[in-house]
Amino acid sequence: MANEKGLFAMFDPLLVDLSRLQFALTALYHFLFVPLTLGLSVMIAMMETVYVMTRRTIWRDMTKFWGVLFGINFALGVATGITMEFQFGMNWAYYSHYVGDVFGAPLAIEGLMAFFLEATFVGLFFFGWERLSARAHLAVTWLTALGTNFSALWILIANGWMQNPVGSTFNPDTMRMEVTDFMAVLFNPVAQAKFVHTVSAGYVCGATFVLAVSGWYLLRHRHVALAKRSFVIAAAFGLASSLSVIVLGDESGYALTDNQKMKLAAIEAMWETEDAPASFTLFGLPSLTNHDTAYGIHIPWMMGLIGTRSIDKQIPGIDQLVDKAKGRIRSGIVAYDALETLKQNGTDADARSAFTRHSGDLGYALLLKRYLEDPRQANDQQIDQAAWSVVPGVAPLFFSFRIMVLCAIVLLAVFAISLWHTMREEEAPRWLFRMAVLAAPLPWIAIELGWFVAEFGRQPWIIEGVLPTFLATSALGVPDLLLTIAGFTLVYSVLAVIEVKLMLAAIRKGPEVAGVIEGWHPGTAEDVALSPQAGE
Amino acid sequence: MIDFLFSYETLRFIWWGLLGTLLVGFAVMDGFDMGVGALLPFVARTDIERRVAINTIGPVWEGNQVWFILGGGAIFAAWPALYALSFSGFYLAMFLVLFALILRPVGFKYRSKRASRTWRTRWDWALFVGGAVPALIFGVAVGNALQGVPFHLTPDLRPIYDGSFFGLLNPVALYCGLVSLAMLVMHGAAWLAFKADGTVGARARTIGPKAAIVSAVLFAGGGLLVWTGLLGGYRVTSPIVWDGPSNPLRKSVVADGGAWLANFQAHPVLWLVPALGILAPLSAAAGFRAGREGLTFLASKLAVAMIITTAGIAMFPFLLPSSTAPDHSLAAFDASSSRATLRTMLLAVGIFLPIILAYTAWVYRVLWGKVSEKSIEQAGHSAY
């Protein structure tokens, strides 16, 4: 399958597309459950804190009820997370070899610091009510919540490095990226921005869920005491979190690297560099063939403020960034040539020094592998082609970003209105609760689109500027991929249906019956057999 | 001293040991969960019995499973070439393992949510698959590693697997799968005997000794396979450079049936490990019969640890030998991460592993005591 004549041979493009499809499917699906886990774990811990401080049992009932819903969701987060941990090795073997020295460490530390914490204590959260004192149980709940948040931290340190690969260098002896400064990887500004943004988004998700379910109860005058308190907590927590998610959006990291700048320019469909501060295109129809955006509605200054947090720094446009990529491709070809020489003779001092000077651009030369076997033979037209390949799909990014931001702003308004009404003396109006129920899908839409903007916007790179996605797959056959994609789709769909049904049934049933949640009454034909003697 | 401790050579050796520790940790901790899953249809027949069996592991299996996840992460961080090659090479086998393991979290959580008998029986089968299938496949994987796996590396170190899924299912590898399954069934039975009251515990005490004796006999038979050279063996013929760059293409290796005995012959004290691999399951079998559940479970843990360690020692310094291009085999001295990463990760393990062990011990202490039909009925909805 692999062409073994030159270094870095490319695979069947269909295999690459299928590998990407599989990763996107499993990651997006996993990410349906994770944000809710993040948000609910913290909210449950807050409710239990109130219980331990006031000893009013309503707060314990709330903790237990939301805990049941948390548990149904947590199980699928864990189940789908198993796939994620191994998928890099299964479908992205060359990626795993190429960057495992850097990327593997945060993943392993995530296991040590986060997964053990949440998974060990989540069992006691459910099973420990009778065995632990109230304070000890509260500690267990907070440790579970802490574990889920640590997990977000470490996976985003890993992901931040894919977007901004700091603290590492290519080693020609081992043909891979190796760590030079672990602290730089740890305190990567892109990772920090992503962490705050993603965790806040998770809190918004949890708050919206609690708000919607409580609103549904209040509309029906059921479990009013529990629902009222939950509604207020959700509104307050949601308001703070949605402010954080918007104000601390992860665009602050977008000024850092060429690809991040490109992502920003593509989100904005900004073809030419504008004078600072750039305007924000509220809406328009971007066209890759004409290099312009038709029917644009612009808001002056806005983009400059979002992208640079200043009014005097320029944001480069797509055309300028493509020109810059051409220069980096030519520099990368020098690195590639030196690497080929080093492969023949590892002690060639000239080649080693040339490689050291240009190794930062090696990835750009590898972009040419899509068009020809040996990047050193590339003509101007091919270099042009490769340079244009660094532009991700502008239209999908442009629209996804706008829908995400719109969802966030609507949610902010929903939380603000909810909190304002609950603070007033008189009875809250019914439309308030209806609005809360209707808002339920918004965080998931925003979160999935946010993932898409971050990762689709990273294309054509799997590691920005270092390794193109099309070189990173495993040496698998298309049938292997088709089989596992079909398998995962089938299993995940069945589990999704079951989870949604259980969740809705648990919500319908309400807090008083928190364990067995469907109304199969003992004595029906089906259940007679459940008595201890019947099965023998 | 610090220089010696953190030299590339020492770090690689320590990480070889830590790889073994994590695999043993996984087999000892999550092994009894898988064993309970595999035993579920046999030790528990009615719903309340199944609930007893499930609730012995209900609060702890989730933490135990993290040993598996951590194993994946640690191999990625410390042995990236092994991570890249093994999971893409064993692609469909790995898919089966994931499929089976995905069933467990949902199985535990969702089974008790409805009282319907069909519903619960279906999840019982899911839990059975989630226990038995990985137990078998992990053994098959070790069997293939011992024989050598058909793969080669391109000059840019891209791993290319040259075999097929069905090639993995050769008789010798399947035999190793049976060793693993028997061992984890013994381990699950030892846990149930220790933790489950009443009928479930009694059935575990009947099945346990049989599984333990089968484990000991199959493991000893595996020794014979090594002796005859059927279970492979590889030898490094070029000088081993322990502190060189991680590039598996710079050594010479030959296939040599019987080479897996070389480490034991060179250091006879190592024979203690396989000896305990036979004696420990036999003591577990005796323990089951004598009704000493605590000691039985300890013996079972020791058995699991020693059986896995035997395979590790036999292969040292190999991690994954290649049957089609032996020179490309992955070894502890040429398939690791950089020195900096190994050092950082050692620090992380040094800080977090003791903390993990401490709170895990605390959780088991809180949950101490037998699970009985009565305790399940009393616990009501806070049990599975």
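Conventions used here
- The written sequence of each chain sets the order in which its residues are numbered from 1.
- The order in which chains are written sets their letters, starting at A; the order in which ligands are written sets their numbers, starting at 1.
- Side-chain atom pairs in this predicted model are given and counted only at pLDDT of 80 or more, local residue features only at pLDDT of at least 70, and totals for whole chains, interfaces and linings cover all residues.
- With hydrogens and water excluded, all non-hydrogen atoms of the structure serve as input to the side-chain values.
- Counting from the N terminus, the helices are the DSSP runs of H or I reaching at least four residues and the strands are the DSSP runs of E reaching at least two.
- The buried label applies to any residue whose accessible area, calculated with a 1.4 Å probe on protein chains only, is under 20% of its type's maximum; exposed applies above 50%, and partly exposed to all values in between.
- The contact criterion used is simple: two residues touch if any of their non-hydrogen atoms lie within 4.5 Å.
- Only the contacting stretch of a helix is used when fitting its axis, a line to C-alpha atoms as for every element, and angles between N-to-C directions run 0 to 180 degrees.
- In what follows, roughly perpendicular refers to angles from 65 to 115 degrees, roughly parallel to angles under 35, roughly antiparallel to angles over 145, and oblique to any angle outside these ranges.
- We call a crossing left-handed when the near helix sits turned anticlockwise from the far one by less than a right angle, and right-handed when that turn is clockwise.
- Cavities and pockets are defined on a 1 Å grid built over the protein atoms alone: a cavity is a set of grid points where a 1.4 Å probe fits but cannot escape, while a pocket is an open set with protein on both sides within 12 Å along at least five of seven lines, and lining residues are those with an atom within 4 Å of any such point.
- Grid points are joined across faces, edges and corners, and a volume is the space filled by probe spheres set on the points.
- Throughout, the ten residues Ala, Val, Leu, Ile, Met, Phe, Trp, Tyr, Cys and Pro are labelled nonpolar, Asp, Glu, Lys and Arg are labelled charged, and all others, Gly among them, are labelled polar.

An unreviewed UniProt entry lists chain B under the name Cytochrome d ubiquinol oxidase subunit II, from Pararhizobium mangrovi.

(A) Summary view of the environment of Gly 215 of chain A. Residue and element names in this part refer to chain A. Residue placement: Gly 215 occurs in helix 6 (residues 189-219). The exposure class assigned to Gly 215 is buried, which follows from its relative accessible area of 0%. Distance from Gly 215 to Phe 398, taken between C-alpha atoms, is 33 Å for residues 183 residues apart in sequence. Contact partners of Gly 215, with chain neighbours within four places excluded, come to Phe 231, Phe 433 and Val 437.

(B) Inspection of the packing of helix 1 (residues 13-54) of chain A against helix 16 (residues 442-456) of chain A at higher detail. Residue and element names in this part refer to chain A. Packing of helix 1 against helix 16 brings their axes to within 10 Å, and their N-to-C directions diverge by 140 degrees. Regarding the angle of helix 1 to helix 16, the classification is oblique. Handedness of the crossing formed by helix 1 with helix 16: right-handed. Note on element contacts: helix 16 touches helix 1 through Trp 444, Ile 447, Glu 448, Trp 451 and Phe 456, opposite Arg 20, Phe 23, Ala 24, Ala 27, Leu 28, Phe 31, Leu 32, Pro 35 and Leu 36.

(C) Region of the structure containing empty space enclosed by the protein. Counting across every chain of the model gives 10 cavities of 30 Å³ or more. A volume near 110 Å³ is recorded for the largest cavity. As for the largest cavity, its lining consists of 14 residues, of which His 97 of chain A together with Ala 81, Leu 153, Leu 157 and Pro 248 of chain B are closest to the centre. Top element by residues in the lining of the largest cavity is helix 5 (residues 80-89) of chain B. It accounts for three residues. Across the lining of the largest cavity, the residue classes break down as nine nonpolar, three polar and two charged. Each pocket or cavity is described by its volume, and for the second largest cavity that value is around 80 Å³. Lining the second largest cavity we find Ala 108 and Leu 112 of chain A together with Trp 15, Leu 18, Thr 21, Leu 22, Leu 70, Ala 74, Met 345, Val 349 and Leu 353 of chain B.

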